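Now for the letters of each chain:
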Amino acid sequence: MALPANGLPDLAVVLVYLAVLFVPGGLLAARCGVRGWTLAATAPLVTYAVAGFAGPVYATAGVRWTIGTATFAFALAYALAAVVGLVVRHRYGRVVLPDRLPAWAPLAHAGVTLVVAVVAVTGVVVILGGIRFLGAIPQDWDAVFHANGIRYIADTGDGGLYGMARTNWYEDDVTVFYPNAYHLVAAVVYELTGATIPTVLNAHTVLIPGLLALGLVALVRRFGGRPMLAAATALVSVAVTSFYDMLWRGPLLPFATGVALTPLLVVLATDLLDAVGRREVLRTGAAFVLGMTGLLCLHPATLISAILFSAPAFVQRWCGRPRGLLREFGRLTAAGIVAAWVCVLQLSGAASSAGNLAAVFWPADLTVGEAIEQLLLFGHAAESEQIALTVLLALGVVFYHRLGELRWIGASGIVFAALFVIAAAYEDPWAKQITSLWWNDRWRLIAMAALAFCAVMGNGVAEVQRLVARGLQAVLGRLRPAEGRPRRVSAVAVATAAAAILGTVVGTDGLYVSRDQERMTANTGEGPAVSSLEIAGMYAVAEIVPPGTRVLNDRADGSVWMYALTGVRPVAAHYDGYRIGPAAALLAERFNAYPDDPAVQQAVADLGIRFVQVNEGFLRDWAYRAPGLENLADAPWLALRYANPDVQLYEIVGPPAPGEVLGSEEER
């Protein structure tokens, strides 16, 4: 196990992120009547809901997204909830809300809280132990898009749904939609802390295992589970490698956040369905709408995943009480209509980008048997399996009947497991169509399957503890049948619960911390795309390039990070070259013909380019230098302005000088 190399400034950034996530959303959720573990778990989701709604509305109204306007949005939402609450109370009177949940003793709440804290710290250790320090650059495909998006929102105040994509797609009025609740909240943290963009990215990433644990505890609690089941479910979640695979591969940061918050949708929906009286229906309905809004504004795929995850719970409920189907389905439909009205901007944007799904296809390189084996042995795309988790899963299946109201969760796991197998083993058009909502990406689907499996594994741990506790109580009862029985029962329960938790930690080789840390080392450190010399070079380049000047760079190398790190605008701000403009495409193809090619000269003038940067590191080992940026070192019309072994910056000095003959697009 590796130990992270971080200090107090890094801790401060993480604490600020915690406060930004939990305080505004927590206050508003509490105002809507959410309580207990559901409140603790739902607070970040509500924060994302308000930010994801307000940012695009501000952009439409021409208002900048800043710390001040973000604060105003939350204050306005809270005031609106308070006013509505007063009106409803005046109309329907004060109502004492019933507590439908089984009682947990204070000691049980404390024990579950302790386990969640251990899980949260373990998640931090795994992630930081892998990436080593909080400011490390996550070097895979999606990370730079999220990083540049955060910087763009902070720099421009544009909280619109198409704005941040213009760092890479800025020609010919091309519009690229991307939900931005994650980026809006991160931009506030960036402005509050002044930390680097990679530090802000990672400060949130380390919180995701803790968010997942909270959501699972709220789920178990809401469906009547014992404290031991809640604690065990949270504990095993931090060991599952499939969750960490979303945090180094991509990383899929908004989607991974949505996965962690997925259990809350069914919790909030169940609160709405159980509500009695108009006041309670309005209260729980508001919370449910906020939950749907938060997931949609994080990523439309997470809302779809959460609905699919929740569907078996509704089927189980209505099979047991069919008379309530129409009334309860009507409540869900009404809440969905309100959420759709609130999120009309996000829905229209998602509809406009639906065609892009067809452009993404991952090869299905496993057989059905191999896919099932990787799924059940928790060994997806790895050289080893997490056999201890398989044993816990098997135990959970043996005692499956003990899950009670939570029995539906097995069906959720089977649905996503089937989708994973389809994505991994089939390349037929029907398979791609079924899995296209998740970009045919089996890494996302196995994470959703594992989400459901956590409750089944936790059930295995909890039932072993229950059997051992009953056995000990029976033995002690024979020894001293009457003396001190309540205290003895409590002591046995606490002792066996602690032993079960400790046994799970030991049996899983320390919650597989070393294995998961090793996975988190992928795509970080000195390369593949960005080395420490390249980082130093990009900061040095920022001292040379005048503000507002765009730098020509290679889309395949680490220079796409220059905007997120330094604020210098590159021609290519993402590895993705799909749908880029004609000028950027032309320069990548034949910029080195600049002295003799009028079209190249025109493109240089149109984009306002004076400098060219070439980095050594490529993101993919199969990548190659853009043809137009080859053989620049000996070009007499370029002057070397900065160089280190990994970065070279050239200035265009030969005829025609930029803007001298053709002029920029703005000038024309």
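Below or above, wherever it landed, is the structure these notes cover. Note that the coordinates shown come from a computational prediction; the quantities given were computed from them, not determined experimentally.

Right, let's talk about the overall build of the protein chain for a bit. When you go through the protein chain residue by residue, the secondary structure sums to 27 helices and five strands. For 668 residues, the compact-globule estimate of 2.2 N^0.38 gives 26 Å, and the C-alpha radius of gyration of the protein chain, at 27 Å, lies within 12% of that figure. In terms of its C-alpha atoms, the protein chain occupies a principal-axis envelope of roughly 100 × 60 × 50 Å. For the protein chain, the proportion of its 668 residues judged to be buried stands at 56%. A fraction of 77% describes how many contacts in the protein chain between residues 6 or more apart in sequence connect residues 24 or more apart.

This paragraph deals with the side chain of Ser 242. In this structure, Ser 242 sits in helix H10 (residues 241–248). On the basis of relative accessible area, Ser 242 is assigned to the buried category, the value being 8%. Those residues in contact with Ser 242, other than ones at most four positions away along the chain, are Ile 446, Ala 447 and Ala 450.

Another aspect to go through is the pairing of strand E5 (residues 647–652). Extensive coverage of E5 is indicated by the burial of six of its six residues. Side chains of E5 alternate between two faces, with Val 647, Leu 649 and Glu 651 and Gln 648, Tyr 650 and Ile 652 buried alike. As judged from the five bridges shared by strand E3 (residues 609–615) and E5, these two strands associate in the antiparallel manner. In the strand pairing of E5, Phe 611 is matched with Glu 651. Here strand E4 (residues 638–644) runs beside E5; their pairing, made up of six bridges, is antiparallel. For Ala 639, the partnering residue across the bridge sits in E5 and is Glu 651.

As a further point, take the pairing of E3. Extensive coverage of E3 is indicated by the burial of six of its seven residues. Note that strand E1 (residues 550–552) and E3 share three bridges and pair parallel. By the bridge assignment, Arg 550 is partnered in E3 with Ile 609.

Scanning all chains against the criterion turns up 16 aromatic pairs. Measuring from ring centre to ring centre gives 6.3 Å for Trp 318 and Phe 329, while their planes differ by 75°; the resulting arrangement is edge-to-face. Of the two residues, Trp 318 sits in helix H14 (residues 300–320) while Phe 329 sits in helix H15 (residues 325–342), which places them 11 residues apart along the sequence. Residue classification places Trp 318 among the buried residues on the basis of a relative accessible area of 14%. What makes Phe 329 partly exposed here is its relative accessible area of 46%. Plain terms: the ring middles of Phe 591 and Tyr 594 are 6.1 Å apart, the flat faces sit at 35° to each other, and that makes the pair tilted. Of the two residues examined, Phe 591 and Tyr 594, each falls in the buried class. Linked through ring pairs, Phe 145, Trp 169 and Tyr 178 together constitute an aromatic cluster. Positioned over the ring face of Trp 362 is Arg 249, at 4.9 Å from the centre of the ring. For the cation-ring pair, Arg 444 lies above Phe 255, with the distance from its terminal atom to the ring centre recorded as 5.1 Å.

To find leftover empty space, one rolls a probe the size of a water molecule over the atoms. Each pocket or cavity is described by its volume, and for the second largest pocket that value is around 1,300 Å³. Along its surface, the second largest pocket is lined by 41 residues, and Cys 32, Leu 80, Ala 81, Ala 286 and Leu 290 are the ones closest to its centre. Of all the elements in the fold, those that place two or more residues in the lining of the second largest pocket are helix H1 (8–31), helix H2 (36–61), helix H3 (67–92), helix H13 (278–298) and H15. Looking at which element gives the most residues to the lining of the second largest pocket, the answer is H3, with 11 residues. For the lining of the second largest pocket, the class distribution of residues is 30 nonpolar, four polar and seven charged.

Below, the discussion takes up H2. Side chains of residues three or four places apart in an α-helix project in the same direction, reflecting 3.6 residues per turn. For H2, spanning 26 residues, the distance from its first C-alpha to its last is 37 Å, which sits close to the expected 38 Å at 1.5 Å a residue. A maximum bend of about 45° is found in H2 at Thr 42, where proline Pro 44 lies one to four positions downstream. One or two positions beyond H2, positive phi appears at Gly 62, with a value near 80°.

Using the criterion set out here, one finds 21 salt bridges in the structure. Put simply, Arg 519 and Asp 245 hold a salt bridge, and the shortest N to O gap is 2.8 Å. Of this pair, Arg 519 sits in helix H23 (residues 513–520) while Asp 245 sits in helix H10; the two residues are 274 residues apart in sequence, bridging distant segments of the chain. In this pair, the class of Arg 519 matches that of Asp 245, namely buried. For Asp 557, the salt bridge identified is with Arg 625, shortest N-O distance 2.9 Å. In this pair, Asp 557 sits in the loop between E1 and helix H25 (562–566) while Arg 625 sits in the loop between E3 and E4, placing the two residues 68 residues apart along the sequence. With a relative accessible area of 15%, Arg 625 lands in the buried category. In the salt-bridge network here, residues are joined through shared partners; they are Arg 222, Asp 271, Asp 274, Arg 317, Arg 321, Arg 327 and Glu 328.

Cut-offs applied
Note on numbering: residues in each chain are counted from 1, in written sequence order. Only residues with pLDDT of at least 70 are given local features in this predicted model, and only at 80 or more are side-chain atom pairs given and counted; all residues enter the totals for whole chains, interfaces and linings. In computing side-chain properties, one takes all heavy atoms of the structure into account and sets aside hydrogens as well as water. Runs of H or I in DSSP of at least four residues are treated as helices and runs of E of at least two as strands, each being numbered from the N terminus. For the radius of gyration, the atoms used are the C-alpha atoms, and the globule rule reads 2.2 Å times the number of residues raised to 0.38. Type-normalised accessible area, obtained with a 1.4 Å probe on protein chains alone, sets the label of each residue: buried when under 20%, exposed when over 50%, and partly exposed for intermediate values. In this analysis, two residues are considered to be in contact whenever any of their non-hydrogen atoms come within 4.5 Å of each other. We call two strands paired when DSSP finds no fewer than two bridges between them. Two aromatic rings, drawn from Phe, Tyr or Trp (for Trp, its six-membered ring), form a pair once their centres lie within 6.5 Å of each other, and the interplanar angle then sorts them: stacked below 30 degrees, edge-to-face above 60, tilted otherwise. The rule for a charge over a ring is simple: NZ of Lys or CZ of Arg within 6 Å of the ring centre, and within 35 degrees of the ring normal. Only protein atoms enter the 1 Å grid used here. Points where a 1.4 Å probe fits but cannot escape make up a cavity, open sets with protein on both sides within 12 Å along at least five of seven lines make up a pocket, and a residue lines them when an atom lies within 4 Å of a point. Grid points are joined across faces, edges and corners, and a volume is the space filled by probe spheres set on the points. For this classification, the nonpolar set comprises Ala, Val, Leu, Ile, Met, Phe, Trp, Tyr, Cys and Pro, the charged set comprises Asp, Glu, Lys and Arg, and every other residue, Gly included, is treated as polar. In this analysis, the expected span of each helix is defined as 1.5 Å times one less than the number of residues it contains. Axes are fitted to the seven residues ending at a residue and to the seven starting at it; the angle between these axes is taken as the bend at that residue. For salt bridges, the criterion is a side-chain nitrogen of Lys or Arg within 4 Å of an Asp or Glu carboxyl oxygen.

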